Structures are given as structure tokens and as C-alpha cells.
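# Descriptive analysis of the structure
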Amino acid sequence: MTTAPFPLTWLYVPGDRPRVVAKALVSGTDVVVIDLEDAVAPDRKDYARAATAELLAHPQPVPVHVRINALGTPWAPADVRALRSLPGLAGLRLPKVTGPQDIRHVAARTTALPLYALLESALGIEHAYAIAAADPALRGISLGEADLRADLGVRGDIGLDWSRSRIVVAARAAGLAPPPQSVHPDTRDLKGLAASCAHGRALGFLGRAAIHPRQLPIIERAYLPTEAELEQAETIIKAATTEQGAQALPDGSFIDAAVVAAARRTLSLTNRR
């Protein structure tokens with residue numbers, strides 16, 4: 001299994017459909033996310049958990065995360081017990097996180113397993129930094145926009161932009177990677193997906209969750225650096241290796257350590273696989 005330093009695509013698949021999971025593993029996505037929560041009906045939860053545990057008893061060709069059921073539901077404890085030590089599991093995604101206590105609760109019941117928090121409510125957004133900094137096991141945060149939209153009573157897409165910026169800032173303040181965008185629910189609206197990715201990139205997101213393989217190349221294309229961005233990054237790195245401290249490039253733009261770090265991240269995206 002190889003892990004992209006900055007995953008751009010996170011493909012969600014239902015845990016009770018092993019054939020769909022098998023297709024996802026060879027889809028070209030950076031990360032497969034097996035969903036035991038929203039995509040699985042209550043009477044299929046036990047089957048989905050067992051099928052996922054059977055698959056992840058062995059290493060997989062790409063990183064596989066599992067979105068467990070929300071803490072407080074009767075299924076969550078069983079999810080954690082069944083999955084926490086499997087060799088094929090690269091991370092647990094925790095839905096509906098509202099505070100740092102949720103992260104600490106799961107971290108105490110796993111051993112060095114990377115955790116990822118989904119913030120899906122006004123309370124979760126309010127506690128974004130506390131969640132992001134809750135425990136060393138936490139490796140990333142992201143939004144669950146469908147539930148958040150309902151909680152806030154937001155109709156237009158612009159109503160989510162403050163929350164989006166809030167988690168980008170919280171992630172970076174806690175030393176985490178930039179978060180990926182939430183899913184674009186219309187799998188046939190590829191133009192809309194591309195436009196939404198461009199907007200998300202402008203807000204500071206890096207990559208995006210998907211619910212269909214046809215979305216993957218659109219997301220990757222939107223988030224890979226352009227030739228101009230690569231050229232600029234190379235210029236910044238070259239300047240940083242010849243001089244110390246803050247400085248200005250020939251075009252007048254100012255660079256410092258943070259700008260250099262961003263340039264290195266840009267260049268790393270060219271060799272993700």
C-alpha cells in the first residue's frame with residue numbers, strides 16, 4: 001500500500017456492498033472510505049461491519065478508511081471493537097463530532113490508529129479548533145455539509161462559506177493538513193463539480209470526497225497545480241536555498257518561511273503516486 005502525501009480524492013462506498021468496495025479499490029482514488037453510517041440501513045449494520053472486517057483483515061492496495069456510526073448510537077462501540085486492530089485499516093472517520101471529548105473517547109480505545117473528524121453541526125463548527133487539537137491521533141478534520149446545511153437552515157451554497165473557512169483555519173492552526181471538501185451530491189453534474197472545486201480550492205481546501213468514480217478525475221484536475229503554479233513554486237524554492245530570511249522575488253512578491261512551505265506542498269503534488 002502506498003499513501004499519497006496529500007490525498008486529493010476520497011471515494012465513499014457503502015459497507016454492505018462488497019462488490020462496490022472491490023471496484024473502488026481499483027478506481028484510482030487516493031483513499032477508499034467504507035461507509036458504515038449513512039449509506040447502510042439499520043438492518044444491514046451488522047452485515048456491513050462483518051464484511052468490512054473480513055476485507056480489512058488483509059492489507060489493501062490503497063489506504064482504506066472506515067466511517068463508523070456516530071458515537072452515541074448502539075452500533076459505534078461494536079464498530080470500534082471490530083475494526084481497531086485490522087492490518088488493512090488506514091484510518092477511522094468519526095461522524096457528527098461535536099467536541100474534543102469525542103476524539104479522546106475513540107483514541108483511548110484504539111492503538112495509534114489515525115482518526116479523522118467529520119464536523120456536521122453548528123456545535124461542531126463552534127468547537128472546530130478544540131476538536132482539531134484534541135489528540136495526536138487526530139490527523140484531519142472535514143465538513144459533513146448535508147447535515148450542517150440542515151442544522152443551520154441554509155438554502156444557498158454561500159451560507160456554508162463561513163463554516164468552510166472556519167475548519168480550514170482550525171485545521172491549519174492545529175498543524176493538520178488542509179481539509180478536503182465535502183461531497184458534491186449530484187454525480188452527473190460534472191461542470192458544477194468543477195466549479196465547486198475551484199471555489200473550494202480558493203477557500204483553502206485540498207482535495208475532495210467523492211461518491212462516484214466519475215467524479216475522481218474532475219477533482220484531481222481541479223486540485224493539481226497548474227504549470228504556472230509549479231513554475232512559481234520552483235522559483236520560490238530556488239530563492240529560499242540561496243538566501244536566508246524574508247525576501248522579495250524579481251516580480252516583487254514577498255516570500256517567507258510560510259510561503260516556502262506552501263511551495264514545497266505544491267511541488268509534492270506532482271509526485272503523489
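Let us look at the overall build of the protein chain. Scanning the protein chain from N- to C-terminus turns up 12 helices and nine strands. For 273 residues, the compact-globule estimate of 2.2 N^0.38 gives 19 Å, and the protein chain sits close to it at 19 Å. A sequence separation of at least 24 residues applies to 65% of the contacts in the protein chain between residues at least 6 apart. Accessible surface computed for the protein chain: about 13200 Å², of which carbon and sulfur atoms make up 56%.

The next point concerns the packing of aromatic side chains. Using the criterion set out here, one finds one aromatic pair in the structure. Measuring from centroid to centroid gives 6.1 Å for W10 and Y116, while their planes differ by 65°, and the two rings are edge-to-face. On the criterion of sequence distance, the pair formed by W10 in strand 1 (residues 9-14) and Y116 in strand 5 (residues 115-119) is long-range, its members being 106 residues apart. Residue W10 is classed as buried on the basis of its relative accessible area of 7%. The class for Y116 is buried, based on a relative accessible area of 15%. Over the ring of W75 we find K45; its NZ or CZ atom is 5.0 Å from the centre of that ring.

Let us look at the sheet that holds strand 1. Reading across the sheet, the seven strands line up as 6-5-4-3-2-1-7 and stay open at both edges, with parallel pairing between neighbours. Where the open sheet ends on each side, the last strands, each with one partner, are strand 6 (138-143) and strand 7 (208-210). Recorded for the sheet is a direction-independent mean angle of 25° between the axes of neighbouring strands. Bridge count between strand 3 (residues 64-67) and strand 4 (residues 91-94): three bridges; the pairing is parallel. Among the inter-strand pairings, H65 is bridged to a residue of strand 4, identified as G91. Set on the sheet, helix 1 (residues 18-25) makes contact with strand 1, strand 2 (31-35) and strand 3; between it and strand 1 the angle comes to about 165°.

On to the pairing of strand 6, then. Taken residue by residue, a regular strand's side chains alternate between the two faces of the sheet. Most of strand 6 sits inside the fold, with five of its six residues counted as buried. Strand direction decides the pairing type here: strand 5 and strand 6, joined by five bridges, are parallel. Residue pairing in the sheet places Y116 in a bridge with G140 of strand 6.

Here we come to the environment of G124. The topology assignment puts G124 in helix 5 (residues 122-126). With 61 residues separating them along the chain, G124 and P63 place their C-alpha atoms 26 Å apart. Once residues lying within four places of it in the same chain are set aside, the contact partners of G124 are V97, T98, L119 and I131.

We now examine the side chain of Q60. Here Q60 is to be found in the loop between helix 2 (45-55) and strand 3. Polar contacts involving the side chain of Q60 include one to the main-chain carbonyl oxygen of L55, which spans 3.0 Å.

A word on the environment of D46. Inspection of the secondary structure assignment puts D46 in helix 2. Exposure remark for D46: the relative accessible area of 52% places this residue in the exposed category. With 10 residues separating them in the primary sequence, D46 and L56 have C-alpha atoms 15 Å apart.

About the criteria used
- Residues numbered from 1 in each chain as written.
- Predicted model: local features only at pLDDT ≥ 70, side-chain atom pairs only at ≥ 80, totals over all residues.
- Heavy atoms only, no water.
- Helix = DSSP H or I, 4+ residues; strand = E, 2+ residues; numbered from the N terminus.
- Rg over C-alpha atoms; globule rule 2.2 N^0.38 Å.
- Contact = heavy atoms within 4.5 Å.
- Areas by Shrake-Rupley, 256 points an atom, 1.4 Å probe, with all protein chains shown as cover.
- Phe/Tyr/Trp six-rings, centres within 6.5 Å; stacked < 30°, edge-to-face > 60°.
- Buried < 20%, exposed > 50% of the residue type's maximum accessible area, 1.4 Å probe, protein only.
- Lys NZ or Arg CZ within 6 Å of the ring centre and 35° of its normal.
- Pairing = 2+ DSSP bridges.
- Axes fitted to C-alpha atoms, helices over the stretch in contact; angles between N-to-C directions.
- Polar contact = N/O pair within 3.5 Å; in protein donor to acceptor, adjacent residues only side chain to side chain.

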